[in-house]
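Each chain, letter by letter, is given below.
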Amino acid sequence: VTTDLKLHQSNGSPNLRRVRIFLAEKGVALTQTPVDLGAKEQFSDAYVAINPRRVVPTLVLEDGTAIGEVPAIMRYLDEAFPETPLLGSSPKEKAVVQMWERRMELEGFAAVMETVRNRVAGLKDRAIAGPHDYAQIPALVDRGLERVRDFYADLEARLAEQAFVAGPAFSAADITAFVTIAFATGALQLDIPEANAATRRWHDALAARESFSA
Ligand SMILES: N[C@@H](CCC(=O)N[C@@H](CS)C(=O)NCC(=O)O)C(=O)O
């Protein structure tokens, strides 16, 4: 489907990758407007008027409503374009998918993000994205690496029991877990451990889907 929706995005952003794969899986096309984070465009008056949190992504609806936060953007897209649901169909499925998507975000994605933001020299005093400046806490780097290792172990245990993160069907939880792994591998050189056979099987199957090149 072609839509009048607009997505403010940044190419290298892992949060954007979650949304891009989600859109590709659903076959929803929209207008993408780049926000240059390197040039601090997220702090420009024009962008702050759209997203006062000064982060990407932001989805802007036909009536001008601006939706921030990746899970909220996914929610809108899944409800507005109900074909190929990625957040479950029944009340039970919806709750189970949301539970797992949140776990992937809070225990995986956020752990990688915390580690990167407290480690990278270029993010000094920008340890948390958003309108406020926070100093890095170097001790969070070692703890973060430990959290990412635990995330890999927990994911392996889950995928040894289920075909996909939220159960027998592919969902948004798989997208968030996959992007977390790409982020951990690229930014922290923490790839899926060699011995994690279930995660590797799942990962290879997802990587073969066309949407995952989005
Ligand atoms: N919780 C937000 C997080 C968004 C976020 O942190 N975006 C990053 C890019 S991945 C950003 O805009 N960073 C701007 C900055 O570091 O100033 C969401 O789900 O959209």
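Note that the structure is predicted; figures quoted are calculated from it, not measured. (Residues numbered from 1 in each chain as written. Predicted model: local features only at pLDDT ≥ 70, side-chain atom pairs only at ≥ 80, totals over all residues. Heavy atoms only, no water.)

Student: Hey, could you go over the overall build of the chain for me, with residue numbers and the actual values?
Tutor: Secondary structure assignment for the chain yields seven helices and four strands. Overall, the chain shows an N-to-C arrangement of helices and strands of β-α-β-α-β-β-α-α-α-α-α. Since a compact globule built from 214 residues should have a radius of gyration of about 17 Å, the 17 Å found for the chain is in line with a globular shape. Counting only C-alpha atoms, the chain reaches 50 × 45 × 30 Å along its principal axes. As displayed, the chain offers around 10,700 Å² of accessible surface, 54% of which is attributable to carbon and sulfur atoms. Positive and negative side-chain charges in the chain, numbering 24 and 29 respectively, have mean positions lying 3 Å apart. (Helix = DSSP H or I, 4+ residues; strand = E, 2+ residues; numbered from the N terminus. Rg over C-alpha atoms; globule rule 2.2 N^0.38 Å. Areas by Shrake-Rupley, 256 points an atom, 1.4 Å probe, with all protein chains shown as cover. Lys, Arg positive; Asp, Glu negative; His and termini not counted. Charge placed at Lys NZ, Arg CZ, Asp CG, Glu CD.)

Student: Can you break down unusual backbone geometry residue by residue, with the values?
Tutor: Across the junction of Val 56 and Pro 57, the peptide omega takes the value 5°, indicating a cis bond. Relative to the assigned elements, Pro 57 resides in the loop between helix H2 (45-50) and strand E3 (58-60). One non-glycine residue, Glu 69, lies in the positive phi region at around 75°.

Student: Describe the sheet that holds strand E4 (residues 66-68), with residues and values.
Tutor: With respect to topology, four strands assemble into an open sheet ordered E2-E1-E3-E4, the strand pairing being mixed. Here the strands that pair on one side only, and so sit at the sheet edges, are strand E2 (29-34) and E4. Within this sheet the neighbouring strands show an average axis-to-axis angle of 25°, counted without direction. One ladder, built from five bridges, connects strand E1 (residues 2-9) with E2; its direction is parallel. Paired with Lys 6 across the two strands is Thr 31, which belongs to E2. In the packing of helix H3 (residues 70-80) onto the sheet, contacts are made with E1, E3 and E4, and the angle to E4 comes to roughly 125°. (Pairing = 2+ DSSP bridges. Axes fitted to C-alpha atoms, helices over the stretch in contact; angles between N-to-C directions. Contact = heavy atoms within 4.5 Å.)

Student: Account for helix H4 (residues 91-119), naming residues and giving values.
Tutor: With 29 residues, H4 extends 40 Å between its outermost C-alpha atoms, agreeing within 8% with the 42 Å of an ideal straight helix rising 1.5 Å per residue. Along H4, the sharpest change in direction is near 35° and occurs at Ala 110. Among all positions in H4, only Val 97, Trp 100, Glu 101, Met 104, Gly 108, Phe 109, Ala 111, Val 112, Thr 115, Val 116, Arg 117 and Asn 118 are buried. Packed against the buried residues of H4 are helix H1 (14-26), H3, helix H5 (139-159) and helix H6 (172-188). (Expected span 1.5 Å × (residues − 1). Bend = angle between axes of the 7 residues up to and from the residue. Buried < 20%, exposed > 50% of the residue type's maximum accessible area, 1.4 Å probe, protein only.)

Student: Give a description of a negative patch on the surface that names residues and reports values.
Tutor: On the surface, Glu 107, Asp 142, Glu 146, Asp 150 and Asp 154 cluster together to form a negatively charged patch. With four residues, the single largest contributor to the negative patch is H5. (Patch = residues over 30% accessible without salt bridge, like charges linked within 9 Å, V, L, I, M, F, W, Y side chains within 5 Å. Salt bridge = Lys/Arg side-chain N within 4 Å of Asp/Glu carboxyl O.)

Student: Quick one: what's the story with the nonpolar core, residue by residue and with numbers?
Tutor: Counting 56 residues, the largest nonpolar core has Leu 59, Val 165 and Trp 202 as the members making the most contacts within it. Taken together, the elements giving at least two residues each to this core come down to E1, H1, H3, H4, H5, H6 and helix H7 (197-207). Broken down by element, this core gets its largest block of residues, ten residues, from H6. The residues touching Val 165, leaving out its near neighbours within four places in the chain, are Trp 100, Met 104, Leu 155, Arg 158, Leu 159, Ala 173, Asp 174, Ala 177 and Trp 202. (Core = buried A, V, L, I, M, F, W, Y, C linked by side-chain atoms within 4.5 Å.)

Student: Could you give me a rundown of the environment of Ala 198, with the residues and numbers involved?
Tutor: Locating Ala 198 in the fold gives a position in helix H7. Ala 198 sits 43 residues away from Leu 155 along the chain, and the two C-alpha atoms are 8.9 Å apart. Residues within four places of Ala 198 in sequence aside, it is in contact with Glu 156, Leu 159 and Ala 160.

Student: Got a sec to walk through the environment of Ser 171? Specific residues and values, please.
Tutor: With respect to the secondary-structure elements, Ser 171 resides in the loop between H5 and H6. Note on Ser 171: relative accessible area 2%, which makes it buried. Through-space distance from the C-alpha of Ser 171 to that of Glu 114 is 25 Å; in sequence the pair is 57 residues apart. Polar side-chain contacts of Ser 171 include one of 3.1 Å to the backbone nitrogen of Ala 173. (Polar contact = N/O pair within 3.5 Å; in protein donor to acceptor, adjacent residues only side chain to side chain.)

Student: I'd like a rundown of the packing of H1 against H4, residues and numbers included.
Tutor: The contact between H1 and H4 brings their axes to 12 Å, and the two run at 150°. Between H1, through Pro 14, Asn 15 and Arg 18, and H4, the contact on the second element is made entirely by Glu 101, Glu 105, Phe 109 and Met 113. Of the residues assigned to the contact of H1 with H4, the class counts are three nonpolar, one polar and three charged. (Nonpolar A, V, L, I, M, F, W, Y, C, P; charged D, E, K, R; others polar.)

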